[in-house]
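Structural characterization, general
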Amino acid sequence: MSTASTFSTTNRDAHVRKLLKKKESQFLNIEKLRLFIGTWNVNGKTASEDLLPWLTDALQSPPAIIVLGFQELDLSKEALVFADSIRETEWRKACESAVNRISPDVKYQTVQVVRMVGVMLILFSSDSVREHIDNVATGTVATGIMGFMGNKGGVAIRLDLHNSSLCFITSHLAAHVEQKERRNQDFRDIKDKMVFTNSQVDYNSNSNISSIEKHDLTFWLGDLNYRITDIPLEQVKQHIDSRNWKPLLDRDQLLGEKAVKNAFGDYNESPITFPPTYKYDVGTDIYDTSEKARCPAWTDRILHKGKHITPLNYTAHMGLRLSDHKPVSQIFDIGIKVMNRESYKAVYEEVMKELDKLENEFLPQVKLSTLELDFGEVRFMEPSLLTIEIENTGQVPADFSFIPKLNESSYCKNWLVIQPSRECILPGEVVELHLTVHVDEKTTSQLNTGQDNIDDIIVLHLEGGKDFFLTVTGKYTLSCFGCSLETLIRLPDSVRDTPRQLIIDMLYQKENKLDSACTDNASMPIPKELYFLLDNVVNNGKQVRDLFQQRGLHQEIVAIRESLDTSPSADLPGKIHAVAEALLIFLDSLREPVIPFSLYDDALSAATDEAASMVIKSRLPPIHKRVFEYLLEFMLELLKYADDNYLDINTLANVFGPVLLRTETDKAITKADKQLLEQRKTLFISNFLRKGHI
């Protein structure tokens, strides 16, 4: 029997694609196409100005593709809670109207729209180009607190045009001059976490692209919020008046972070020759004259990455005045790979003959750099990465994938991520496998109690060859994140000072059978770790704007966790936004949520009835009821300072609802059903806050 029969059709297609990729210069031609990109933070305003000047001021000929990104499309509190926004409809109509007035000779179609709260991206193409666009997909990443608040973040559209893959991202990164590191983290989160959906996979195209970084051409636009620093305001304005950009660009945060590869390191940006686009008095060309007198900055940017990109006209449009930002645009000539059918046919036949010969003569063979991966000490929220190499030492393409062990549905445990999980390797090629152990809110509980361990065997299957068995080991360090309320209230010491067996005993034994060391902590009615988090937020953050809406830095949240695990006290490290997010993560990681799993469905059913919601509270177990009442008092205290922190009942209910009401297992549900559930959770918490007392 020939070895060729051991290769599935899908795997063989993957081999052919890889071999053709190496020879694509023999059958692909580069054809030039014009692209227009625009970005505008519209400050929640209605589409009251004609957008045509934005699209045509710098335009010499009609573009084939138009991409428009918006930020702060909708600033209403309702936009954070509910999916629909009337602003989206308004701005889409305004864009469509302007686009189809660019030229009487060119008509445009809306290819795709994606929106997340106030961040929206629209892609248009001319009729002549639309027929060559395939595999359109969208993605969203929220970088608001807990990664689900969509007031900040990014949205993306990817597509294949002829034989080139293109990706467009618009984002709104963290605000305020001092939040540079937060902006860098937002960029990394969007880049690493963006997942594309809705793509119809065509195995003869580039559509099997799963991440931003793997596209031929990538364009990143938006309100990136980087500022000008270390220059007095009056000097900044003097340089602007004299159009002396260099001293200001020397202090531009984005250019500085790019230079040291902290963010956007491999992206390019054309020279800036226009005034800072933020912050203006609305309706004028005058920089901020309010009491805050914010320093002007180039917050609104367009960057690009890839071959065959010729950047043209990078400019701001000063005549549009409805927002406190000016819109920005750039025109590009881009090279698209277009197939020569005759040449392709000849190369394809050559590749198939070569592959047939090799498959009939050789078996696939690979060599792994190691079969043992020891991650050492593993801690909650601290990803640990190890890399191994797979080398194709044979004469034929080798297709590998990770497969589940017998009677198991997944090829690895939930705390392990493997990238790539499948790949085709050409002879002589070396592929790096990145294995990351990341213990999060969903996996910490079982590791705390010993129901799971950092211990797994994963199976790498070589199509037509043998299987390789890799062992994964590590030691998980106990954390108060992931414990139960019942356990934490009884701990006399920190979690780290408590023997793991004692925590296991608390899990499986009734209270009256516990060891005498497990006494109720009479000094505090709720777990001390939770008390210190709440106390810190009230004392240090009740008057802070954007509380529970702006994310904290990851390293600060890790430091807070370490402090609570080793020596819990009111003196927590990190800034207030990190403490606030740590509080939500703590609640989200509880072994059983504050509203127990058994009451989840009843609580959602009661959400539309205030009296029924009160009944649910009366049914809570004692410690859960005490914690719930403390949390409600905490939220009511914050609401007393709403004029300072800009919080309201809906915002707090929207933030705390998902962490207080959780299901035991994640179920696949539609987007509409998910939105309905989130609204019910918000309503349930709102019922208590509207009363104004507990």
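The structure displayed is predicted, hence computed values, not measured ones.

**Section: the overall build of the protein chain**
- If you tally the helices and strands in the protein chain, you get 22 helices and 20 strands.
- At 28 Å, the protein chain has a C-alpha radius of gyration in line with the 26 Å of a compact globule built from 694 residues.
- If one aligns the C-alpha atoms of the protein chain with their principal axes, the spans along those axes are about 80 × 75 × 45 Å.
- Taken across its 694 residues, the protein chain has 54% of its residues classed as buried.
- Residue pairs at least 24 apart in sequence account for 74% of intrachain contacts in the protein chain once pairs closer than 6 positions are excluded.
- With the model as given, the accessible surface of the protein chain reaches about 30100 Å², and the carbon-plus-sulfur share is 47%.
- Measuring between centres, the 79 positive side-chain charges of the protein chain sit 1 Å from its 98 negative side-chain charges.

**Focus: the packing of aromatic side chains**
- Counted under the stated rule, the structure contains 28 aromatic pairs.
- On the numbers, 5.3 Å between centres and 50 degrees between planes, the contact of Phe-70 with Trp-91 is tilted. Highlighted residues: Phe-70 in strand 2 (residues 65-71) and Trp-91 in helix 4 (residues 86-99), separated in sequence by 21 residues.
- Phe-70 sits in the buried class, given a relative accessible area of 0%.
- A ring pair is formed by Phe-187 and Tyr-267, whose centres lie 6.4 Å apart and whose planes are at 85 degrees; its orientation type is edge-to-face. Residue Phe-187 is found in helix 6 (residues 180-193), and its partner Tyr-267 is found in the loop between helix 9 (253-259) and strand 9 (300-306); the two are separated by 80 residues along the sequence.
- A relative accessible area of 1% places Tyr-267 in the buried class.
- Taken together, the ring pairs connect Trp-40, Trp-54, Phe-70 and Trp-91 into an aromatic cluster.
- Residue placement shows Arg-183 over the ring face of Tyr-226; its charged tip is 5.4 Å from the ring centre.
- A cation sits over an aromatic face here: Lys-326 above Tyr-280, 4.8 Å from the ring centre.

**Considering the side chain of His-325**
- Positionally, His-325 belongs in the loop between strand 10 (309-316) and strand 11 (328-339).
- On the accessibility criterion, His-325 (3% relative accessible area) is buried.
- Of note is the side chain of His-325, whose polar atom sits 3.0 Å from the side chain of Asp-300.

**Some details on the sheet that holds strand 13 (residues 372-378)**
- The 5 strands lie next to each other as 13-20-19-15-17, forming an open sheet whose pairing is mixed. On the outer flanks of this sheet lie strand 13 and strand 17 (422-425), each paired with one strand and no other. Recorded for the sheet is a direction-independent mean angle of 20 degrees between the axes of neighbouring strands.
- With 5 bridges joining them, strand 13 and strand 20 (residues 467-476) adopt parallel strand pairing. In the sheet register, Asp-374 faces strand 20, and the bridge partner there is Thr-473.

**A word on the packing of helix 18 (residues 610-618) against helix 22 (residues 671-691)**
- Contact pair helix 18 / helix 22: the axes reach a minimum separation of 9 Å and the direction vectors enclose 100 degrees. On the basis of their axis angle, the class for helix 18 and helix 22 is roughly perpendicular. When helix 18 is examined against helix 22, the residues Glu-610, Ser-613, Met-614, Ile-616 and Lys-617 are found in contact with a partner set consisting of Phe-684, Asn-687, Phe-688 and Lys-691.
- Class assignment of the residues belonging to the contact of helix 18 with helix 22 gives a composition of 4 nonpolar, 2 polar and 3 charged.

**Notes on the confidence of the model for the protein chain**
- For the protein chain, per-residue confidence averages 90 on the pLDDT scale, and 93% of positions sit at 70 or higher.
- Overall, residues 1-6 carries pLDDT values under 50, and its contacts beyond four positions in sequence, including any with other chains, amount to 10 contacts.

**A few points about the nonpolar core**
- Core analysis: the biggest nonpolar cluster contains 100 residues, and Phe-548, Leu-587, Phe-628, Phe-634, Phe-656 and Phe-684 have the highest contact counts within it.
- Among all residues touching Phe-684, those that are not within four sequence positions of it are Ile-595, Ala-603, Ala-607, Ser-613, Ile-616, Phe-628 and Leu-661.
- With 47 residues, the next largest nonpolar core counts Leu-123, Leu-161, Val-236 and Trp-245 among its residues.

**Focus: helix 15 (residues 554-566)**
- If you check helix 15, its first and last C-alpha atoms are 19 Å apart, about what 13 residues at 1.5 Å a residue would give, namely 18 Å.
- Along helix 15, the positions that sit buried rather than exposed are Glu-556, Ile-557, Val-558, Ile-560, Arg-561, Ser-563, Leu-564 and Asp-565.
- Buried positions along helix 15 lie against helix 14 (528-541) and helix 16 (576-589).

**Some words on helix 16**
- In this model, helix 16 (14 residues) spans 20 Å end to end at C-alpha, consistent with the 20 Å of a helix rising 1.5 Å per residue.
- Judged by how many residues are buried, helix 16 sits mostly within the fold: 14 of 14 residues are covered.

**What about the pattern of salt bridges?**
- Evaluated as defined, the whole model comprises 46 salt bridges.
- Here Glu-408 makes a salt bridge to Lys-405, at a shortest N to O gap of 3.5 Å.
- Each member of the salt-bridge network shares a partner with another, and the members are Glu-377, Arg-379, Glu-382, Arg-496, Arg-561, Glu-562 and Asp-565.

**Some points on empty space enclosed by the protein**
- Scanning all chains against the criterion turns up 1 cavity of 30 Å³ or more.
- Counted as a void, the largest cavity has a volume near 30 Å³.
- Every residue lining the largest cavity is listed: Thr-449, Cys-483, Ser-484, Thr-487, Ile-503, Leu-507 and Arg-591.
- Of the residues assigned to the lining of the largest cavity, the class counts are 3 nonpolar, 3 polar and 1 charged.

**What about the pairing of strand 16 (residues 416-419)?**
- Here strand 16 shows one buried face, formed by Leu-416 and Ile-418, and one open face, formed by Val-417 and Gln-419.
- Strand direction decides the pairing type here: strand 16 and strand 18 (residues 430-437), joined by 4 bridges, are antiparallel. Paired with Ile-418 across the two strands is Leu-435, which belongs to strand 18.

**Overview of the packing of helix 14 against helix 19 (residues 622-639)**
- For the pair helix 14 and helix 19, interaxial distance at closest approach is 11 Å and the crossing angle is 10 degrees. Classified by the angle their axes make, helix 14 and helix 19 are roughly parallel. Along the contact surface, helix 14 presents Leu-530, Leu-534, Val-537 and Val-538, while helix 19 presents Val-627, Leu-631, Phe-634 and Glu-637.
- Residue classes in the contact of helix 14 with helix 19 are distributed as 7 nonpolar, no polar and 1 charged.

**Description of the pairing of strand 7 (residues 164-172)**
- Most of strand 7 sits inside the fold, with 9 of its 9 residues counted as buried.
- Neither face of strand 7 is left uncovered, since the one carrying Ser-164, Leu-166, Phe-168, Thr-170 and His-172 and the one carrying Ser-165, Cys-167, Ile-169 and Ser-171 both have all their residues buried.
- As judged from the 9 bridges shared by strand 6 (residues 153-161) and strand 7, these two strands associate in the antiparallel manner. Counterpart to Arg-158 in the pairing with strand 7 is Cys-167.
- Joining the antiparallel neighbours strand 6 and strand 7 is a turn of 2 residues, in which His-162 adopts a positive phi near 55 degrees.

Reading the values: rules and limits
- Residues numbered from 1 in each chain as written.
- Predicted model: local features only at pLDDT ≥ 70, side-chain atom pairs only at ≥ 80, totals over all residues.
- Heavy atoms only, no water.
- Helix = DSSP H or I, 4+ residues; strand = E, 2+ residues; numbered from the N terminus.
- Rg over C-alpha atoms; globule rule 2.2 N^0.38 Å.
- Buried < 20%, exposed > 50% of the residue type's maximum accessible area, 1.4 Å probe, protein only.
- Contact = heavy atoms within 4.5 Å.
- Areas by Shrake-Rupley, 256 points an atom, 1.4 Å probe, with all protein chains shown as cover.
- Lys, Arg positive; Asp, Glu negative; His and termini not counted.
- Charge placed at Lys NZ, Arg CZ, Asp CG, Glu CD.
- Phe/Tyr/Trp six-rings, centres within 6.5 Å; stacked < 30°, edge-to-face > 60°.
- Lys NZ or Arg CZ within 6 Å of the ring centre and 35° of its normal.
- Polar contact = N/O pair within 3.5 Å; in protein donor to acceptor, adjacent residues only side chain to side chain.
- Pairing = 2+ DSSP bridges.
- Axes fitted to C-alpha atoms, helices over the stretch in contact; angles between N-to-C directions.
- Parallel < 35°, antiparallel > 145°, perpendicular 65-115°, else oblique.
- Nonpolar A, V, L, I, M, F, W, Y, C, P; charged D, E, K, R; others polar.
- pLDDT = per-residue confidence, 0-100.
- Core = buried A, V, L, I, M, F, W, Y, C linked by side-chain atoms within 4.5 Å.
- Expected span 1.5 Å × (residues − 1).
- Salt bridge = Lys/Arg side-chain N within 4 Å of Asp/Glu carboxyl O.
- 1 Å grid on protein atoms, 1.4 Å probe; cavity = no way out; pocket = protein on both sides within 12 Å on 5 of 7 lines; lining within 4 Å.
- Points joined across faces, edges and corners; volume = space filled by probe spheres on them.

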